[in-house]
Amino acid sequence: MTSTISAIDPTGPVGATIDTLRFATAGSVDDGKSTLVGRLLHDSKSVLVDQLEAVERASASRGQEAPDLALLTDGLRAEREQGITIDVAYRYFATPRRRFILADTPGHVQYTRNMVTGASTAELTVILVDARNGVVEQTRRHAAIAALLRVPHVVLAVNKMDLVGYEEREFDRIVQDFAGYAEELDLPGFTPIPVSALVGDNVVEPSAHMDWYAGPALLEFLESVPVGAERADAPARFPVQYVIRHDDVRYYAGQLVSGSLRVGDRVTVQPSGETSEITGIDVLGTEVETAYAPQSITVRLADQRDVSRGDMITAGADAPTLTREVRAAACHLAERPLRVGDRVLVRHTTRTVKAIVKDLGGATELSANDLGRITLRTAEPLALDDYADVRRTGAFILVDPADGATLTAGMADLS
């Protein structure tokens, strides 16, 4: 890794089509994450009048002179009473430049699994740090999860700069501390931004107190960071969700989760290995020559192949790995532990197969919120990609065959 800190030019051109950024927030208890999210929503004018009035009334009842913007996000009663975020809350807002889906995730160690859930589909994660405390154990844990989930972009938001006199040396100290740990994790890079969520410095508007900082405010960065930056040569992966029969023609429906498919492409059906050619592609009932991820499509093949739900149609020489021996990084989500010898179901894209837990990286069990490594032996082969290469086809969950409860999230590591 040549550089730990990455920067993106916020002044670049914005296309005519408004796109969507999915991002997650994470921070330790009392780092001010709820206030940061509340400030972001408030200052970007994404709060309804009645919501703001409710916050003002609740703040006044507590004897606070100014509205407590954290109340805009801590919606559960238990969250308000304890002053912590418990569940993942999804917020939707937009600016003239971009739409946003925000997964506001918990920071407490006992809710690690909730952060994994919220960040699993994110293209960017904002990791909050209290400028007074610097990088703490939970900061490292959040960075490790971002690295584990291969989140493409990470923002280190150093909050409460007003409480350290807006000193540049305090900011630099924290950035360098985090940079050393990020390099150990092989985190692809991060962008540090000094902020004060309480007073609004560098959240939506640039700060007047930190003339030494020349970078973008948080919202400006969120509006300009590249999204959907799947590489042009990403392998085509089309898990079949439904088979539709009409007038003796079979249509295979689902979501193209990676790459592109074109009429005339030679394709392979996994795991059978049968080959055919695409003769038609429909998107929303309209015939097209080419489809791109993440479009939902239907595909017609030249031959009557035995294709069913759970199969995957792939194109090109970069085929997924067909294997019954699955090695993966994992986060255990359930209250009951996962143990060697447990029989589970593996749900991978649209396919579900039986499996047995062979190894837990030397551990005897994984408890709720534990991060670890697992090895599975499946009853049928899975068409897997390394999670580092294709997140959608490298991810899976383990399910309890007895009651269907979700047990563990896995990220395949085939190296």
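Read on for an overview of the structure. What you see is a predicted model, and the numbers here were worked out from it, not measured in a lab.

1. Some remarks on the nonpolar core
Part 1: Core analysis: the biggest nonpolar cluster contains 63 residues, and Phe23, Leu124 and Phe178 have the highest contact counts within it.
Part 2: With 6 residues, the top contributor of residues to this core is helix H6 (residues 168-185).
Part 3: Beyond its immediate sequence surroundings of up to four residues, phenylalanine 23 is in contact with Leu40, Phe93, Phe100, Ile101, Leu102, Ala103, Ala122, Leu124, Val126 and Leu222.
Part 4: Ala334, Val344, Val357 and Leu376 belong to the second-largest nonpolar core, a separate cluster that totals 20 residues.

2. Some words on the environment of arginine 336
Part 1: Here arginine 336 shows up in the loop between strand S17 (321-332) and strand S18 (338-339).
Part 2: Taking relative accessible area as the criterion, arginine 336 reaches 34% and is therefore assigned partly exposed.
Part 3: Excluding anything up to four places from it in sequence, arginine 336 contacts Asp342, Asp400 and Leu407.
Part 4: Of the polar contacts made by the side chain of arginine 336, one reaches the side chain of aspartate 400; its length is 3.3 Å.

3. Focus: the pairing of strand S6 (residues 191-194)
Part 1: Burial of S6 is two-sided: the residues Thr191 and Ile193 facing one way and the residues Pro192 and Pro194 facing the other way are all buried.
Part 2: Bridge count for strand S5 (residues 153-159) against S6 is 4 bridges, and the pairing is parallel. Considered in S6, the bridge of alanine 157 is made with isoleucine 193.
Part 3: Crossover connection from S5 via H6 to parallel S6: handedness right-handed.

4. What to know about the pairing of strand S16 (residues 312-315)
For a regular strand, side chains alternate in direction, first toward one face of the sheet and then toward the other.
Part 1: Neither face of S16 is open: one carries Met312 and Thr314, the other Ile313 and Ala315, and all of them are buried.
Part 2: Bridge analysis of strand S7 (residues 236-239) against S16 gives 4 bridges, and the strand direction is antiparallel. Each bridged residue has a counterpart across the sheet, and for arginine 237 the counterpart in S16 is threonine 314.

5. Details of the pattern of salt bridges
Close approach of charged atoms allows side chains of opposite charge to pair.
Part 1: Evaluated as defined, the whole model comprises 19 salt bridges.
Part 2: The residue arginine 169 makes a salt bridge to glutamate 167 at a minimum N-O spacing of 3.0 Å.
Part 3: Take glutamate 167: its relative accessible area is 31%, and that puts it in the partly exposed class.
Part 4: Residues arginine 339 and glutamate 365 are paired through a salt bridge, measuring 3.1 Å at the closest nitrogen-oxygen approach. Residue arginine 339 is located in strand S18, and its partner glutamate 365 is located in strand S21 (residues 365-366); the two are separated by 26 residues in the primary sequence.
Part 5: Arginine 339 gets classed as partly exposed once you look at its relative accessible area, which sits at 41%.

6. Brief notes about the environment of glycine 264
Part 1: Within the fold, glycine 264 resides in the loop between strand S10 (260-262) and strand S11 (266-270).
Part 2: Once the C-alpha coordinates of glycine 264 and threonine 290 are considered, the two residues, 26 residues apart in sequence, prove to be 9.8 Å apart.

7. Let's talk about the sheet that holds strand S20 (residues 351-359)
Part 1: Spatially, the 6 strands close up into a barrel ordered S17-S22-S20-S19-S23-S24, and their pairing is antiparallel. The sheet shows a mean angle of 40° between the axes of neighbouring strands, taken without regard to direction.

8. Side note on the sheet that holds strand S1 (residues 20-27)
Part 1: Taken in spatial order, the 6 strands make up an open sheet running S2-S3-S1-S4-S5-S6, and their pairing is mixed. Edge positions in the sheet fall to strand S2 (89-94) and S6, since each has one partner strand and no second. Within the sheet, the average angular offset between the axes of one strand and its neighbour, ignoring direction, is 25°.
Part 2: Summarising the sheet, S2 and strand S3 (residues 99-104) pair through 6 bridges and their orientation is antiparallel. Bridge assignment links tyrosine 92 to a residue of S3, and that residue is isoleucine 101.
Part 3: Running at roughly 150° to S1, helix H1 (residues 33-43) makes contact with S1, S2, S3 and strand S4 (124-130) of the sheet.
Part 4: Those strands touched by H6 are S4, S5 and S6, and its axis lies near 145° from that of S5.

Definitions and cut-offs
- Residues numbered from 1 in each chain as written.
- Predicted model: local features only at pLDDT ≥ 70, side-chain atom pairs only at ≥ 80, totals over all residues.
- Heavy atoms only, no water.
- Core = buried A, V, L, I, M, F, W, Y, C linked by side-chain atoms within 4.5 Å.
- Buried < 20%, exposed > 50% of the residue type's maximum accessible area, 1.4 Å probe, protein only.
- Helix = DSSP H or I, 4+ residues; strand = E, 2+ residues; numbered from the N terminus.
- Contact = heavy atoms within 4.5 Å.
- Polar contact = N/O pair within 3.5 Å; in protein donor to acceptor, adjacent residues only side chain to side chain.
- Pairing = 2+ DSSP bridges.
- Right-handed = clockwise from strand over helix to strand, strands pointing away.
- Salt bridge = Lys/Arg side-chain N within 4 Å of Asp/Glu carboxyl O.
- Axes fitted to C-alpha atoms, helices over the stretch in contact; angles between N-to-C directions.

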